[in-house]
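Coordinate analysis (summary)
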Amino acid sequence: MQQNKTWFKLDNAAKIFPGQNTSRWSNIFRFTVILNQKIQPSVLEQALKDVLPRFPFYDVKIRRGLFWYYFEKNPSPAPPVNPDIGNPCHRVRFSENNRFLFRVYYHESKIAVEFYHALTDGRGASVFACTLAAQYLRLCGYDIPCGESVLDISMPAKKEEAEDSFLKNAGSKAKIRRSGKRVYHAVGTKMPAHLVNVTTGIIPLNTIHEKASSMGVTITEFIAALLLYVHYEKQKAEKRRQRQVSVQIPVSLRKTFGSQTLRNYSLSYQVRIDPNMGDYTFEEVLKQVSLYLRYINNEKTLRAMTTANLKFEQSYLMRLMPLFLKDLGVGIMFFLTGEQSTSALCSNLGLVRIPEPMQRYVERVDLMAGPGKLNGARCGAVGYNNVFSITFANIYRESDIERAFFTSLIKMGIPVKIESNRM
Amino acid sequence: MSYCVNCGVELDSSAKKCALCSAPVINPYKEQNKEYPLPYSDKVVLPPKVRRRYAAFIISMIIIIPNIICLLTNLIFFSGTLWALYVNSTSTVFWVIFISPFLWKKTVSWLLVIIDSVAVSLYIYFFYYINSQKGWFWSFALPAVLILAGFAGVFIEWIKRRRPDWPKVLIAVFSQICLYSIIFEAMLQTYLKGAPYISVSLIIAVSCLVIIGFFVAVQKNRHLRAWLSRKFFV
């Protein structure tokens, strides 16, 4: 992206988010870097000002056009750096926060960045947060080189980092639509608006990796299957009409299509099991998840899914429809299909890599998925060095999903340390 | 470090109970007076609400413009009649009930009910006066409005004080509809026929009682309640 470009279009994934944004709910997620020292807010503020020009695609505000939303260069210097709050990922309003679409918080030794999903996905957020943490450490007097997830802030942004890779890599003749069939949702007592229960489980990466490998699956497959199995067991215990149980698994497309974009570039798979077909053991669920992901995770299928998603924005009828009608349509579609077709979300960002000299100062990274409207526990996972953290964002008071999930890991011999905002 | 005896997970040093099962943390080796940093901030910051007054002001302006146009058209081109007053009075009552509460910094429910009742009463009185009719306003319309205002006032105060959950709110709403329809018809029949006969309101009342019965069942059945919450969340 050219540094002087003053506006640009939202990418394909981003286009649905502003239409769903309400005064009670937004699609926002959080990436946290935990250092081994207490954060100095003034230094963090300076680091943010230094880093932001390197990310011109985040240095924006969102505006309404007649037909589409668009991003425009934000004239404000940077968003404020605030002390952390106990209700992360609350709704975004476009006029707040100096009109920036990401928020920066600090708490003890944590630097947390909350991104509105229209800006980027987990990968973009991790690169931004790691670059910010690296610059913070530099300003604290440490010598931190660039590399891996830490970008060189003396260089301008690359064109490939700002590209809409959905547009670039679509073009399949086939179109694969996601299923909109309604599934089981775990229920509980809803928290008041803007509040969410956050529970992070910290696990030795080598232990969970060994366990997953011993069962012949990847870590993503393992935790997604466990989450699916926990929901399946919960529904069975409720002795109600048995619906399908599904877990949504977002997958970054960067590796498959060789993209370097730091904007959204991921798709979601939905893995389902149908309890009406019979009783499942965890091993059977694991096998189903693993086989399905391996079957679907190939370039041709992903391209066909991308093409199907792009159909909406490329249709002439849709393009000529005024924005308020599009918003209305997106809102209704989200109400009818959105979370209705997924029981839970399991987003594993994978391993975050940072330069070796920086690793001495970084203890852990966390990924928190945004709280859902129907999905009780939405799970975000990320690995760093030998630490794997799994964070649940739960809109219900009850913690039975998290408890079943983490105690299952304990029973499998995987130690878990818990941190939570539940007092 | 402490572990939950129930779940087996290691807990944060600051934890006083297990975040998964709420079991209290009792560790005799932990320093009791030491302040451990919390993993998450304990400060909850609720985002500010929508700028309602600004939106209400814009809507007020949008309502005023056609009303002025109607009034001017009436005065200039149709000076013999005053049909614009019907438009103006209807707009005014709409504005008082639906828009003006958003212009207040703090909504006072009892004052709101009084203002709305006065506005509706004046609106009805306007038609009563214009049509030069006698009797029905004082003997039927005004008492009906005042009783409705009383019902609304009691309902709002009950919501504010008790903060009931949604099935109870719906039970209260349908109970009020049931009761009010009977009172309304009795008053109307007394005015028209001199005796409080009831017929149509009985159908409304029976329908309301069926709905109330359903929501009483919802109130008692946790699963049904959760299912309805899930299906009709807003």
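Please read these numbers as outputs of a predicted model, since none were measured by experiment.

1. Observations concerning the overall build of chain B
Counting secondary structure elements, chain B contains seven helices and two strands. A globule of 234 residues ought to have a C-alpha radius of gyration of about 17 Å, yet chain B, at 28 Å, is considerably larger. C-alpha atoms of chain B, sized along the principal axes, occupy 95 × 45 × 30 Å. Looking at chain B residue by residue over its 234 residues, the buried ones come to 32%. Taking contacts inside chain B between residues at least 6 apart in sequence as the whole, the part at least 24 apart equals 48%. Of the side-chain charges in chain B, 23 are positive and 9 negative, and the distance between the mean point of each set is 11 Å.

2. A closer look at the interface of chain A and chain B
In this complex, chain A contributes 44 residues to the contact, which on the side of chain B involves 29 residues. Of the roughly 3400 Å² buried at the junction of chain A and chain B (both faces included), carbon and sulfur atoms supply 60%. At the boundary of chain A and chain B, one finds 10 residue pairs in polar contact (both at pLDDT 80 or more). When residues of the side of chain A that touches chain B are traced back to their parent elements, those giving at least two are β8 (197–204), α13 (400–411) and β15 (417–420) of chain A. In terms of residue count, α13 of chain A provides more of the side of chain A that touches chain B than any other element does, five residues in total. Broken down by class, the residue content of the side of chain A that touches chain B amounts to 13 nonpolar, 15 polar and 16 charged. Pairing analysis gives two bridges linking β15 of chain A to strand β2 (residues 10–11) of chain B, with the strands arranged parallel. Its bridge partner lying in β2 of chain B, Ile418 of chain A is registered against Leu11 of chain B.

3. So, helix α3 (residues 109–130) of chain B
Residues and elements named next belong to chain B. Relative to the 32 Å expected for 22 residues at 1.5 Å per residue, α3 spans 32 Å between its end C-alpha atoms, a close match to the ideal helical length. When α3 is considered as a whole, its buried residues turn out to be Ser109, Leu112, Val113, Asp116, Ser117, Ala119, Ser121, Phe126 and Tyr128. After α3 finishes, the residue Ser132 shows a positive phi value of roughly 50°.

4. Structural notes on the pattern of salt bridges
One pass over the structure, following the stated rule, counts 23 salt bridges over all chains. With a shortest N-O distance of 3.0 Å, Arg103 of chain A and Glu114 of chain A are connected by a salt bridge. Of this pair, Arg103 of chain A sits in strand β6 (residues 102–107) while Glu114 of chain A sits in strand β7 (residues 110–116), and the two are 11 residues apart along the sequence. Measuring nitrogen to oxygen at the nearest pair gives 3.2 Å for the salt bridge that ties Arg161 of chain B to Glu157 of chain B. Here Arg161 of chain B pairs with Glu157 of chain B, and both are found in helix α4 (residues 136–162), just four residues apart, close to one helical turn. Note on Arg161 of chain B: relative accessible area 69%, which makes it exposed. Residue Glu157 of chain B is classed as partly exposed on the basis of its relative accessible area, which comes to 25%.

5. What about the sheet that holds strand β3 (residues 60–64) of chain A?
Residues and elements named next belong to chain A. Pairing within the open sheet is antiparallel, and its three strands lie in the order β1-β4-β3. At either margin of the open sheet sits one strand with a lone partner, and together these are β1 (7–9) and β3. Strand-to-strand twist of the sheet, defined as the mean angle between neighbouring strand axes without regard to direction, takes the value 35°. Relative to strand β4 (residues 69–73), β3 runs antiparallel, the two sharing five bridges. Each residue of the ladder has a partner; that of Lys61, found in β4, is Glu72.

6. Let's talk about the packing of aromatic side chains
Under the definition given, this model contains 45 aromatic pairs over all chains. Pairing Trp166 of chain B with Phe215 of chain B gives two aromatic rings, centres 6.4 Å apart and planes at 85°, and the pair type is edge-to-face. With Trp166 of chain B in helix α5 (residues 166–193) and Phe215 of chain B in helix α6 (residues 200–220), the pair connects residues that are 49 residues apart, well separated along the chain. Here the aromatic residues Phe29, Phe55, Phe57, Tyr58, Phe100, Phe102, Phe115 and Phe128 of chain A are joined through ring pairs into a cluster of three or more. Between Lys15 of chain A and the ring centre of Trp68 of chain A, over which it is positioned, the NZ or CZ distance is 5.2 Å. Just above the ring of Tyr40 of chain B sits the side chain of Lys110 of chain A; from NZ or CZ to the centre is 3.9 Å.

Definitions and limits used
Residue positions are given per chain, counted from 1 along the sequence in the order it is written. Think of it this way: whatever chain is written first is A, whatever ligand is written first is 1, and the rest follow in order. Per-residue local features of the predicted model are confined to residues with pLDDT of at least 70, and side-chain atom pairs are confined, for both listing and counting, to 80 or more; whole-chain, interface and lining totals are unaffected and use all residues. Only hydrogens and water are set aside; all other atoms, that is, all heavy atoms of the structure, feed into the side-chain values. A run of DSSP states H or I qualifies as a helix once it reaches four residues; a run of E qualifies as a strand once it reaches two. Both are numbered from the N-terminal end. Restricting the calculation to C-alpha atoms gives the radius of gyration, and the globule rule supplies 2.2 Å times the number of residues raised to the power 0.38. The buried label goes to any residue with under 20% of its type's maximum accessible area, the exposed label to any with over 50%, and the partly exposed label to all in between, with areas taken from a 1.4 Å probe on protein chains only. Throughout, a contact is declared for two residues whenever any of their heavy atoms are within 4.5 Å. In this tally, Lys and Arg are treated as positive and Asp and Glu as negative; His is ignored, and so are the chain termini. Lysine's charge is taken at NZ, arginine's at CZ, aspartate's at CG and glutamate's at CD. As used here, buried area is the combined drop in accessible area, with a 1.4 Å probe, of two parts when they are placed together. By the criterion applied in these results, polar contacts are pairs of N or O atoms within 3.5 Å in which, for protein atoms, one can donate a hydrogen and the other can accept it, and in which residues neighboring in sequence qualify only through two side-chain atoms. Throughout this entry, Asp, Glu, Lys and Arg are counted as charged residues, while Ala, Val, Leu, Ile, Met, Phe, Trp, Tyr, Cys and Pro are counted as nonpolar. The remaining residues, Gly among them, count as polar. Two strands pair if DSSP finds at least two bridges between them. By definition here, a helix of n residues has an expected span of 1.5 Å times n minus one. Take a side-chain nitrogen of Lys or Arg and a carboxyl oxygen of Asp or Glu: if they are within 4 Å of each other, that pair is a salt bridge. A fitted line through C-alpha atoms serves as each axis, taken over the contacting stretch for helices, and the angle formed by two N-to-C directions is quoted from 0 to 180°. Here is the rule: rings of Phe, Tyr and Trp (six-membered ring for Trp) pair when centre to centre is within 6.5 Å. Planes less than 30 degrees apart are stacked, more than 60 are edge-to-face, and the remainder are tilted. We count a charge as sitting over a ring when the NZ of a lysine or the CZ of an arginine lies within 6 Å of the ring centre and within 35 degrees of the ring normal.

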